[in-house]
Amino acid sequence: QMALLCVASLLLVLSFVDAFQYSDLALYIDSHQEEYVEALRDWVAIESDSSNILKRPDLHRMMDVTAEKLREMGGNVVMVHPWAGIQIKLPGGQPLALPKVVTAHFGNDSQKHTVCIYGHVDVQPAKLEDGWRTEPYNLTEIDGNLYGRGASDNKAPVLAWIHAVEAYQALNMELPVNVKFVIEGMEETGSNGLDAMILAQRDTFFSDVDFIVISDCGWLSKRPALTYGTRGNCYFFAEVEGPRQDLHSGVYGGTVIEPMIDLIGILDTLISPSGKILIPGIREAVAPLTDEEWKMYQDIQFDFDHYKSKIGVSHLMYNNKVDLLAHRWRHPTVSIHGIEGAFSDPGTKTVIPAKVTAKFSIRQVPDMDPAVVKKQVTDYLHSVFAKRKSPNKLKVTMVIGAKPWLADTKHELYQAGKAAVKRVFNVDPDLIREGGTIPVARTFQDVTGKSIIMLPIGGFDDGLHSQNEKMSRYNYIEGTKLFIAYLHEVAQIKKSV
Ligand SMILES: C[C@H](N)C(=O)N[C@@H](Cc1c[nH]cn1)C(=O)O
């Protein structure tokens, strides 16, 4: 009885010490939040748009700033050259360098787990004239929301992880796990070169990594969430080339077979108005929805009307929660993004473009395989094009082939996630999937063999990739606390010998 009493008191003392440490850390975070907002302001100010070659110097600077920050904190930082693969050349002929990947290491205690945090600091393009209410690269706080390109995707989450480590350091508290960082600058264009870098470092940097944590996604509602799946993405260019040069539509219209009309014609055969993908073989590859999934989706909190009003539409493709979530997370979709060479300025230019290139992507889900999808799409478009008997030339290229990722929610990483969310927000998290793509997630899993969790801190209405992207101050600051709590919870996972 005495022994039992001793164990019970020890447990009580331990839980007190633990709670005490968390509240110290949380207090530290609260009292440093202005600094964190300033740090985010500095990062957002760097136009690290990876899709724009003219912004490449800014992207390199962003990587340097990230490395410098981790170095100042005492991290063992190495900037790694990703493998370039196909070398992109600038108009002058000089090669366009990929940004270096920042790797860093804090702690080297073999008794502790090693957690690798992955994030990215490149962003999607943004211009005020796209319809932003504030300058996209000037972080602006309105009603507790921090507006700026990259605020949520993915600069604040990366900074929040950095602040979490900094808080332990500032309070002279030992980090409960060893922490490694892999921060890249090409995520928004498909993580070029990163797969090869991970493969090359599998037996060095990644050899002692136990778990990988990614915070590059958002919640589904106001309730915090843990993410266990992402869709992949196959991104295509379809180029139709005809006359030697652009032509006057009055002079030549009606006599030439227009590349744009061919292109629109074949694009229209990709997907039906009700969202049915028409490319043979794609729908057949989709893993069927299980009863367990159906049940999980039923239990998720989701406000249909808010979803519609937030994006400004009156109707959606599906009118029940399960179908809607399933089509957002675990079914493929075709999106047409743009046509290069097409006239898109204001005004009424009357030209027939000589060469037009459509950009479209197909989000991937289990059990689709990008290599198979590449062939299916290429063969299909060529067969549809052949039926038009056009003299123009069609070229189809797949420029991104990112696989989907799916985790086992029964893994201890998810139990740790639930405990951390409970501690910080006092609720149970939703278990959700992400419709977007984190190209490297599947590579991490396949190459390192380690388990991954996605621990989002972004809000459901952050407007990623869109006008007026934002991160709420609440999510940024409470998210930093969540990461602190998560490191503690992961440390409790029994270390296998
Ligand atoms: C989910 C993540 N924050 C994200 O937005 N990823 C991009 C990555 C991508 C995919 N194809 C090209 N880039 C996305 O899902 O669009």
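Residues numbered from 1 in each chain as written. Predicted model: local features only at pLDDT ≥ 70, side-chain atom pairs only at ≥ 80, totals over all residues. Heavy atoms only, no water.

Going by what an unreviewed UniProt entry lists, the protein chain is known as Peptidase M20 dimerisation domain-containing protein and is assigned to Periophthalmus magnuspinnatus.

Enquirer: Explain the UniProt feature "domain: Peptidase M20 dimerisation" (unreviewed entry) in the protein chain to me, using residue names and the numbers behind them.
Expert: Those places that UniProt annotates as "domain: Peptidase M20 dimerisation" (unreviewed entry) correspond, in this numbering, to residues 230-385. Taken end to end, residues 230-385 comprises 35% helix and 21% strand; its first and last C-alpha atoms sit 32 Å apart. (UniProt positions renumbered as here; feature names shortened; annotations may be inferred. Helix = DSSP H or I, 4+ residues; strand = E, 2+ residues; numbered from the N terminus.)

Enquirer: Explain the sheet that holds strand β14 (residues 393-402) to me, using residue names and the numbers behind them.
Expert: On the basis of which strands lie adjacent, the open sheet formed by four strands has the order β11-β13-β9-β14 and antiparallel pairing. The strands lining the two open edges of the sheet, one partner per strand, are β11 (333-340) and β14. Direction aside, the axes of adjacent strands within the sheet are offset by 20 degrees on average. Bridge count for strand β9 (residues 232-241) against strand β13 (residues 355-364) is 10 bridges, and the pairing is antiparallel. Along β13, the bridge assignment pairs Asn233 with Arg363. Against the sheet, helix α7 (residues 259-267) makes contact with β9, β11, β13 and β14, and its axis sits at roughly 15 degrees relative to β13, the strand it touches most. (Pairing = 2+ DSSP bridges. Axes fitted to C-alpha atoms, helices over the stretch in contact; angles between N-to-C directions. Contact = heavy atoms within 4.5 Å.)

Enquirer: Summarise the domain arrangement of the protein chain; cite the residues concerned and give the values.
Expert: The extent of an interface is frequently quoted as the accessible surface area lost upon association of the parts. Partitioning the protein chain into structural domains gives domain 1 (19-230 + 404-491) and domain 2 (233-287 + 330-402). For domain 1 and domain 2, the distance between their C-alpha centres works out to 34 Å. Residue-level contacts link nine residues of domain 1 with nine residues of domain 2. Carbon and sulfur atoms make up 64% of the area that domain 1 and domain 2 hide from each other, which totals about 670 Å². In terms of surface lost to domain 2, no three residues of domain 1 exceed Pro404, Arg433 and Thr437, which account for 65% of the buried area on that side. Taken together, the connections running from domain 1 to domain 2 amount to zero salt bridges. The interface formed by domain 1 and domain 2 contains one residue pair in polar contact (both at pLDDT 80 or more). Of the residues that constitute the side of domain 1 that touches domain 2, the class distribution is three nonpolar, five polar and one charged. (Domains from an automatic or database assignment. Buried area = accessible area lost by both parts, 1.4 Å probe. Salt bridge = Lys/Arg side-chain N within 4 Å of Asp/Glu carboxyl O. Polar contact = N/O pair within 3.5 Å; in protein donor to acceptor, adjacent residues only side chain to side chain. Nonpolar A, V, L, I, M, F, W, Y, C, P; charged D, E, K, R; others polar.)

Enquirer: Before we move on, could you go through the packing of aromatic side chains and cite the residues and values that matter?
Expert: Under the counting rule described, the total for this entry stands at 12 aromatic pairs. With 3.8 Å between their ring centres and 5 degrees between their planes, Trp161 and Phe483 make a pair best called stacked. Here Trp161, found in helix α4 (residues 151-170), pairs with Phe483, found in helix α14 (residues 473-491); they are 322 residues apart in sequence, far enough to count as distant. In terms of burial, Trp161 and Phe483 fall into one category: buried. Directly above the ring of Phe205 sits Lys180, whose terminal nitrogen or CZ lies 4.3 Å from the centroid. (Phe/Tyr/Trp six-rings, centres within 6.5 Å; stacked < 30°, edge-to-face > 60°. Buried < 20%, exposed > 50% of the residue type's maximum accessible area, 1.4 Å probe, protein only. Lys NZ or Arg CZ within 6 Å of the ring centre and 35° of its normal.)

Enquirer: I'd like a rundown of the site of the ligand, residues and numbers included.
Expert: Near the ligand the following residues occur: Asp153, Glu187, Glu188, Asp216, Asn233, Arg363, Ile400, Gly436, Thr437, Ile438 and His465. With respect to the ligand, the backbone of Glu188 contributes an N or O atom lying 3.4 Å from a nitrogen atom. Between the ligand and Asn233 there is a distance of 2.9 Å, counted from a nitrogen atom to a side-chain nitrogen or oxygen. For the ligand, whose free accessible area comes to 390 Å², the fraction covered by protein is 94%. Among the residues making up the shell around the ligand, the classes are represented as two nonpolar, four polar and five charged. Per-domain counts for the shell around the ligand show at least three residues from each of domain 1 (19-230 + 404-491) and domain 2 (233-287 + 330-402). (Near = heavy atom within 4 Å. Areas by Shrake-Rupley, 256 points an atom, 1.4 Å probe, with all protein chains shown as cover.)

Enquirer: Go over the pattern of salt bridges, please, and point to the residues and values.
Expert: Scanning the entire structure with this criterion turns up 27 salt bridges. The residue Arg61 makes a salt bridge to Asp58 at a minimum N-O spacing of 3.9 Å. You can see Arg61 and its partner Asp58 sitting in helix α3 (residues 56-72), three residues apart, about one turn around the helix. Between Asp305 and Lys308 there is a salt bridge, with its nearest N and O atoms 3.9 Å apart. With a gap of three residues between them, Asp305 and Lys308 both fall in helix α9 (residues 304-311), about one helical turn apart. Linked by salt bridges that have partners in common, Asp30, Glu478 and Lys481 make up one network.

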